[in-house]
Each structure stands twice: as structure tokens, then as C-alpha cells.
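# Per-entry structural report
Residue strings, one per chain:
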Amino acid sequence: MLVRLLYASRAVDTSSPAIDAILAQSRAHNTACGITGILCYGGGIFLQAIEGGRNAVSELYGHIQKDVRHKDVVLLHYEEIAERRFGGWTMGQVHLTKIHAAILLRYSERPELDPYAVSGKVSLALLEELMATAAIVGRT
């Protein structure tokens, strides 16, 4: 059974080394667990979609909720899926500083990432557009 989970959180430490450490740990751990996904980061906010087996995704989300590097963790969307949408990435990354403001404005009131202010479906649509426009780096 494959599922997709989308959540938002705020970074406790917004330094580049701290964000890089989160990505490195994700990439190292997720492959062994069959997890794929995408991480979008900007303005101190994470927006992450994770896909994989129901138990593996649930366990990972539980760890994220307890991870001291994250605060204000909120579940935005959860669904059973027939196939992975982000299967080409062990953990792809989007650099929002390199994204055109018009893309963010299409999905929110202001040109900034704020998944707390929009629905989970809107946040997922944003991630899909970022994938379609090749804004995702770190494909493995």
C-alpha cells in the first residue's frame, strides 16, 4: 500500500549547514526505507511530500514530529496512491530563492511560501508545478 503525506514545519535552525544536514540525513535514511519525496524550503518553512509504504511513511512522520530541528509540524494532506509522483528523488530539494515570484503568487496571497495559509491540495499543486518546471534539485 503506497501513500503520500504532505506536511509543513518551521525550522528551528535556519542556517545552511542545518538545512543541508536535514537533507543529507533524509537522503541517507529514506532509500533504505523505500521513501521518496521532495522538500521545499524558504523563509524558515519546510513543505515536504513523502511517499512510500504506509508503515514507513507513518513512522517517518512520527519521527519528524519529535525532531527537535522542526517546530509547528502540521499535517496538510494524506492519501493512498496508486503510484509515486515524486519517485525519482530520494529527497529532491527546491530552492525558493531561485523560484519566480509569479509561481508562488499563483498559489497564495503573497509571493512567499506559507503552507499554513493554504489548503493541502494547493500546496501539493505548488510542488507539482515546481517539479514540472524543473525547479527541483538533488535528483538521485
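As a starting point, this report considers the structure included with it. Starting afresh in each chain, residues are numbered from 1 along the sequence in its written order. In keeping with the model being predicted, local features are shown solely for residues with a pLDDT of at least 70 and side-chain atom pairs are shown and tallied solely at 80 or more, while totals for entire chains, interfaces and linings include all residues. Excluded from the side-chain calculations are hydrogens and water; all other atoms, namely the structure's heavy atoms, are used.

### Regarding the packing of aromatic side chains
Where two aromatic rings form a pair, the distance of their centres and the angle of their planes describe that pair. Stacked, tilted and edge-to-face pairs are distinguished by plane angle, under 30 degrees for stacked and over 60 for edge-to-face with tilted covering the rest, among Phe, Tyr and Trp rings (Trp via its six-membered ring) whose centres lie within 6.5 Å. In total, this model carries two aromatic pairs according to the counting rule given. On the numbers, 4.9 Å between centres and 45° between planes, the contact of Y41 with F46 is tilted. Owing to a relative accessible area of 0%, F46 belongs among the buried residues under this scheme. When the ring centre of Y116 is taken as reference, the NZ or CZ atom of R10 above it lies at 4.2 Å. Accessible area is worked out with a 1.4 Å probe on protein chains only. A residue is then buried under 20% of its type maximum, exposed over 50%, and partly exposed in between. Here, a charge over a ring is recorded when the distance from Lys NZ or Arg CZ to the ring centre is within 6 Å and its angle to the ring normal is within 35 degrees.

### Things to note about unusual backbone geometry
Phi at D72 is positive, roughly 55°, even though this residue is not glycine. Tracing the backbone shows D72 in strand 4 (residues 70–81). Only DSSP runs of H or I with at least four residues qualify as helices, and only runs of E with at least two residues qualify as strands; both kinds are numbered from the N terminus onward.

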